[in-house]
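Next come the chains, spelled out residue by residue.
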Amino acid sequence: HAVGSQGTLPSLDAGLGGGIGLAGRRWRVELRGTYGLRRDQKAMAAPPAPKDSYGQFNFTAAALAGCFNLGREGLAFGPCADAEVGVVSAEGVGISVPLPARTLWLALGAGVYAAVSLGPRLSLPLHLDVLAPLRRSEFVFKNVEPGRVFQAPVVGGRISAGIELHF
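Just so it is clear, the model here is predicted, and its values are computed rather than measured.

Looking only at helices and strands, one finds zero helices and 12 strands in the protein chain. Along the chain direction, N to C, the helices and strands of the protein chain fall in the order β-β-β-β-β-β-β-β-β-β-β-β. When the 167 residues of the protein chain are sorted by exposure, 35% land in the buried category. Contacts in the protein chain between residues at least 24 apart in sequence constitute 59% of all its contacts with a sequence separation of at least 6. Entry remark: accessible area of the protein chain is about 9600 Å², with carbon and sulfur atoms responsible for 66%.

Structure, rendered in structure tokens:
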């Protein structure tokens, strides 16, 4: 699957991943893993922060989603509940002491999904989720005022699209 998100990292984030799941006639449970592509974020700092200083961010996560299927043959859709655990990593660039940081990411959320069947073995799923982090770590440049680079907002959004193989 391909993923786009807002709120986990600075600015829009894109990632790739895969997953496995179980599905019944009216329910589905999925375990998805995602690796985000690197994001750069300028510091929200005034001098003495170097002009070209910024943070490089990355995100890796696993999500467990449980969904109800309200659809019929050929089109599945319904509400979902999500739990996500991952790691946000960051490193300062263009500063005298680029201390790398890694912090735990925990979030709960809800969303909807739809999956269009392409036959008995293939479908195209789309997930739209709103996630609320349970932990909002702050990334800062040390010894620079104000040195805040990024902190996740109270809620964020995620969209993922992929292809499913049923067996």
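Here the idea is simple: oppositely charged side chains can pair when their charged atoms come close. Tallied over the full model, the rule gives five salt bridges. Connected through shared salt-bridge partners, Arg-28, Glu-30, Arg-32, Asp-129 and Glu-164 make up one network.

Another point: the state of the cysteines. Counted by the stated rule, this structure contains one disulfide. In this model, Cys-67 is linked to Cys-80 through a disulfide, with the two sulfur atoms separated by 2.0 Å. Sign of the S-S torsion, about 105° for the bond between Cys-67 and Cys-80, identifies this disulfide as right-handed. Residue Cys-67 is located in strand S5 (residues 54–68), and its partner Cys-80 is located in strand S6 (residues 75–93); the two are separated by 13 residues in the primary sequence. A relative accessible area of 3% places Cys-67 in the buried class.

Moving on to the layout of surface pockets. In this structure, the largest pocket spans a volume of roughly 1100 Å³. Taken together, 40 residues make up the lining of the largest pocket; nearest its centre are Ala-23, Arg-28, Ser-123, Glu-164 and His-166. Among the elements of the structure, strand S2 (12–23), strand S3 (27–36), S6, strand S7 (101–117), strand S8 (122–133), strand S11 (156–161) and strand S12 (164–165) are those that each provide at least two residues to the lining of the largest pocket. By residue number, the principal contributor to the lining of the largest pocket is S2, which donates seven residues. Split into classes, the residues belonging to the lining of the largest pocket amount to 16 nonpolar, 16 polar and eight charged.

So, how was this worked out
- Residues numbered from 1 in each chain as written.
- Predicted model: local features only at pLDDT ≥ 70, side-chain atom pairs only at ≥ 80, totals over all residues.
- Heavy atoms only, no water.
- Helix = DSSP H or I, 4+ residues; strand = E, 2+ residues; numbered from the N terminus.
- Buried < 20%, exposed > 50% of the residue type's maximum accessible area, 1.4 Å probe, protein only.
- Contact = heavy atoms within 4.5 Å.
- Areas by Shrake-Rupley, 256 points an atom, 1.4 Å probe, with all protein chains shown as cover.
- Salt bridge = Lys/Arg side-chain N within 4 Å of Asp/Glu carboxyl O.
- Disulfide = S-S within 2.5 Å.
- 1 Å grid on protein atoms, 1.4 Å probe; cavity = no way out; pocket = protein on both sides within 12 Å on 5 of 7 lines; lining within 4 Å.
- Points joined across faces, edges and corners; volume = space filled by probe spheres on them.
- Nonpolar A, V, L, I, M, F, W, Y, C, P; charged D, E, K, R; others polar.

Keep in mind that these numbers describe shape and distance, not what the molecule does.
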